[in-house]
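Architecture at a glance
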Amino acid sequence: MYRTLNLRCIQRVLRPGRLYTTPASSTVKVLGTDYLTDSYTNITPTILSKLPLQLHRQPAHPLGTLRTLIESHFPSFSHLSSLSPIVTPYQNFDSLSFPADHPGRSVTDSYYINKDVMLRTHTSAHEVETFAKGETKWLLTADVYRRDEIDGSHYPVFHQMEGAKIFEAAPYAMREVEEDNERLSAHLKQSNIVIEDIPHLTPANPSQPSHNPQHSEAVALNLKLHLNSLLLELFGDAAGATKEDPLKVRWIEAYFPFTSPSYEVEVFFRGKWLEILGCGVVLQGTLDRANVPNKLGWAFGLGLERIAMILYSIPDIRLFWSSDKRFLSQFTPGRISTFKPYSKYPPCHKDVSFWLPSRPDGEAKMHDNDFCDLVRDVAGDLVEDVKVIDRFTHPKTKRDSLCYRINYRSMDRSLSNAEVNDIQDQVVSHLKDRFGVEIR
Ligand code: PHE
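On a predicted model such as this, the values are computed, not experimentally measured, just so you know. (Residues numbered from 1 in each chain as written. Predicted model: local features only at pLDDT ≥ 70, side-chain atom pairs only at ≥ 80, totals over all residues. Heavy atoms only, no water.)

It is worth spelling out the overall build of the protein chain at this point. For the protein chain, the count of helices and strands is eleven helices and 17 strands. Computed over C-alpha atoms, the radius of gyration of the protein chain comes to 23 Å, within 12% of the 22 Å expected from 2.2 N^0.38 for 440 residues, which places it in the range of a compact globule. Burial status across the protein chain gives 56% buried among its 440 residues. A separation threshold of at least 6 residues defines the contact pool for the protein chain, and within that pool the share at least 24 residues apart is 71%. (Helix = DSSP H or I, 4+ residues; strand = E, 2+ residues; numbered from the N terminus. Rg over C-alpha atoms; globule rule 2.2 N^0.38 Å. Buried < 20%, exposed > 50% of the residue type's maximum accessible area, 1.4 Å probe, protein only. Contact = heavy atoms within 4.5 Å.)

To continue, consider the side chain of histidine 102. Positionally, histidine 102 belongs in the loop between α3 (89–92) and β5 (112–114). Of the polar contacts made by the side chain of histidine 102, one reaches the backbone nitrogen of glycine 104; its length is 2.9 Å. (Polar contact = N/O pair within 3.5 Å; in protein donor to acceptor, adjacent residues only side chain to side chain.)

Close approach of charged atoms allows side chains with opposite charge to pair. Considering all chains together, one arrives at 23 salt bridges under this definition. Here arginine 120 and aspartate 143 are joined by a salt bridge, their closest N and O atoms 2.8 Å apart. Here aspartate 143 lies in strand β7 (residues 137–145) and arginine 120 lies in the loop between β6 (117–119) and α4 (127–132), a separation of 23 residues in the sequence. Comparing arginine 120 with aspartate 143 shows no difference in burial state: the two are buried. The partner of aspartate 324 in a salt bridge is arginine 326, and the shortest N-O contact between them spans 2.9 Å. Overall, the relative accessible area of 15% leaves aspartate 324 in the buried class. The partly exposed category is assigned to arginine 326, whose relative accessible area is 34%. One continuous salt-bridge network, built from bridges that share partners, spans Asp316, Arg318, Glu384 and Arg409. (Salt bridge = Lys/Arg side-chain N within 4 Å of Asp/Glu carboxyl O.)

The next point concerns the nonpolar core. Ranked by size, the top nonpolar core spans 71 residues in total, and within it Ile70, Ile113, Leu119, Phe235, Phe300, Leu302 and Phe320 carry the most contacts. Not counting chain neighbours up to four residues away, the residues in contact with phenylalanine 300 comprise Phe74, Leu139, Met161, Glu162, Gly163, Leu223, Leu227, Gly278 and Cys279. Grouped together as the second largest cluster of nonpolar side chains are 27 residues, Tyr404, Ile406, Leu415 and Ile423 included. (Core = buried A, V, L, I, M, F, W, Y, C linked by side-chain atoms within 4.5 Å.)

The sheet built from four strands is open, its strands ordered β15-β16-β14-β17 with antiparallel pairing. A single partner strand is all that each edge strand has here, and the edge strands are β15 (383–393) and β17 (438–439). One ladder, built from nine bridges, connects β15 with strand β16 (residues 400–408); its direction is antiparallel. From the neighbouring strand, valine 386 faces β16, where its bridge partner is isoleucine 406. Across the sheet, helix α11 (residues 417–435) touches β14 (348–355), β16 and β17, and the angle it forms with β14 is around 20 degrees. (Pairing = 2+ DSSP bridges. Axes fitted to C-alpha atoms, helices over the stretch in contact; angles between N-to-C directions.)

A separate point is the packing of helix α5 (residues 174–187) against helix α6 (residues 213–235). Interhelical geometry of α5 versus α6 gives an angle of 35 degrees and a closest axis separation of 9 Å. With respect to the hand of their crossing, α5 and α6 are arranged in left-handed fashion. For the pair α5 and α6, contact is made by Met174, Val177, Asp180, Asn181, Arg183, Leu184, Ser185 and His187 and by His215, Ala218, Val219, Leu221, Asn222, Leu225, His226 and Ser229, respectively. Of the residues that constitute the contact of α5 with α6, the class distribution is seven nonpolar, seven polar and two charged. (Left-handed = near helix turned anticlockwise from the far one by under 90°. Nonpolar A, V, L, I, M, F, W, Y, C, P; charged D, E, K, R; others polar.)

As a general point, the strands of a sheet are linked pairwise by backbone hydrogen bonds and lie either parallel or antiparallel. Here eight strands make up an open sheet; going across it, the order is β3-β7-β8-β13-β12-β11-β10-β9 and the pairing mixed. This sheet does not close on itself; its edge strands, each paired only once, are β3 (78–80) and β9 (193–196). With direction set aside, neighbouring strand axes in the sheet form an average angle of 20 degrees. Bridge count between strand β10 (residues 247–253) and strand β11 (residues 259–269): five bridges; the pairing is antiparallel. Within the sheet, the bridge partner assigned to arginine 250 lies in β11 and is glutamate 266.

Under the domain assignment, the protein chain is made up of domain 1 (7–328) and domain 2 (348–439). Relative to domain 2, the C-alpha centre of domain 1 lies at a distance of 31 Å. Listed as interface residues are 27 residues of domain 1 and, on the opposing side, 24 residues of domain 2. Between domain 1 and domain 2 the total buried area reaches about 2200 Å² when both faces are included, carbon and sulfur atoms providing 46% of it. At the surface where domain 1 touches domain 2, the tally comes to three salt bridges. Counting across the domain 1 and domain 2 interface gives 14 residue pairs in polar contact (both at pLDDT 80 or more). Of all the elements, helix α1 (residues 45–50) adds the most residues to the side of domain 1 that touches domain 2, at three residues. Residues of the side of domain 1 that touches domain 2, tallied by class, amount to eight nonpolar, six polar and 13 charged. (Domains from an automatic or database assignment. Buried area = accessible area lost by both parts, 1.4 Å probe.)

Under the definition given, this model contains 20 aromatic pairs. Here tyrosine 155 and tryptophan 321 contribute two aromatic rings whose centre-to-centre distance is 5.5 Å and whose plane-to-plane angle is 15 degrees, an arrangement assigned as stacked. In this pair, tyrosine 155 sits in the loop between β7 and β8 (157–168) while tryptophan 321 sits in the loop between α8 (304–312) and α9 (325–328), placing the two residues 166 residues apart along the sequence. Tryptophan 321 matches tyrosine 155 in its accessibility class, with the two residues each being buried. An aromatic cluster is present here, built from Tyr312, Phe327, Phe331, Phe339 and Tyr342 joined pairwise through their rings. (Phe/Tyr/Trp six-rings, centres within 6.5 Å; stacked < 30°, edge-to-face > 60°.)

Another point: the environment of glutamine 426. If you trace the backbone, glutamine 426 turns up in helix α11. A residue is classified by how much of its surface remains accessible, and glutamine 426, at 34% relative accessible area, is partly exposed. Along the backbone, glutamine 426 and serine 95 are 331 residues apart, and their C-alpha atoms lie at a distance of 41 Å.

So, about α5. Because an α-helix packs 3.6 residues into every turn, residues spaced three or four apart end up facing the same way. The terminal C-alpha atoms of α5 lie 20 Å apart, and with 14 residues this matches the ideal 20 Å at 1.5 Å per residue to within 8%. All of the buried residues along α5 are Met174, Val177, Asp180, Asn181 and Leu184. Buried residues along α5 cover an arc of 120 degrees about the axis, so they all sit on one side. The exposed set on the far side of α5, more than 90 degrees from its buried face, consists of Arg175, Glu182, Arg183 and Ala186. Looking at the buried side of α5, the elements it contacts are β8, α6 and β13 (295–303). (Expected span 1.5 Å × (residues − 1). Arc of directions from axis to C-beta.)

Okay, here's the thing in structure tokens:
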């Protein structure tokens, strides 16, 4: 599942974070600045090491190329791509009208430097400040950070591109929207791609109280036309798409705290629907906070890795972080090419089963994302995926038992059994130290 910040995900309780710094140190250096740590601090060494890399700004890197291709599709927009990933919870959540109990705020879902500073979880964190600067049409590309499971399409750092366009609110500029809509509709010719659409407004996906529904509808149409034309350009000649077997794209209704109406776009790829973007009509509250209350417009946020994996046929999200020449030397700036796998090395899985220490009711337990961060810190990109294969609570003692299966595989070489055993031993010993578990 693409990690959208909508409310359909399972509610999780807010719990204090776990210190990843040594208890003796009370500060952590992030991009050259020292920050005090507190009970929220959960940023890990692995994550810290990614902050300076800025893959989306490397010209020949697939993510860099995809950024420039999308930017050239919106030539009249401002192109921003160097904003710091360090933001406040206000920027990331409150400025976008997230409710106080939204699960995305929890330390199990987001990386906090301390309670007042975090790593952005989405590029929407910069909407208010960008509108406040007077930008009316802009694209913003950045690295974003979310705590999550480990598998071939999830990585705790990924890249998003936010796009937005705002118009003078009625009555002045609806003509501008309508003209833009006519121009875009004329240009949209179907090629080897089928786009399934849905109504712009429904009772469950309404226009906002302060908006005239007709204007909201025209703006939503403008958003869809811009994105369909981008999707056609990106996927129109996607490898493998033919008249008989066209690429399929669908619009679905969505919910985001900062847009209404809201939509998601999914692409059918290798037998699965993949969410690649979320979007909608910008919430009036966002524009009010940015001091541009008399505007009306749309915003979208798309995941660059998902799109790059489809366009370049890159099978595993870890490859984007590879410094192996056999990966990097395949790409030229500005050109999409099919990735040629240099080899698939054998996987090797190891299981670990343990009892969690019993805790008073309501006290934080180990979350699956805590386990995944621990494994990443020990094994780096040698871990391919992590699954819970057994979970139960002892009926008498009420202790929780867990069994995780860790699948190790290098993308660059064969791993020896001794090496994997060594990594697994370290995982187990960290697990005992940090979480006080009892191995079964
Ligand atoms: N920020 C949302 C996400 O990460 C995507 C989005 C952007 C949705 C802009 C609506 C408008 O899931």
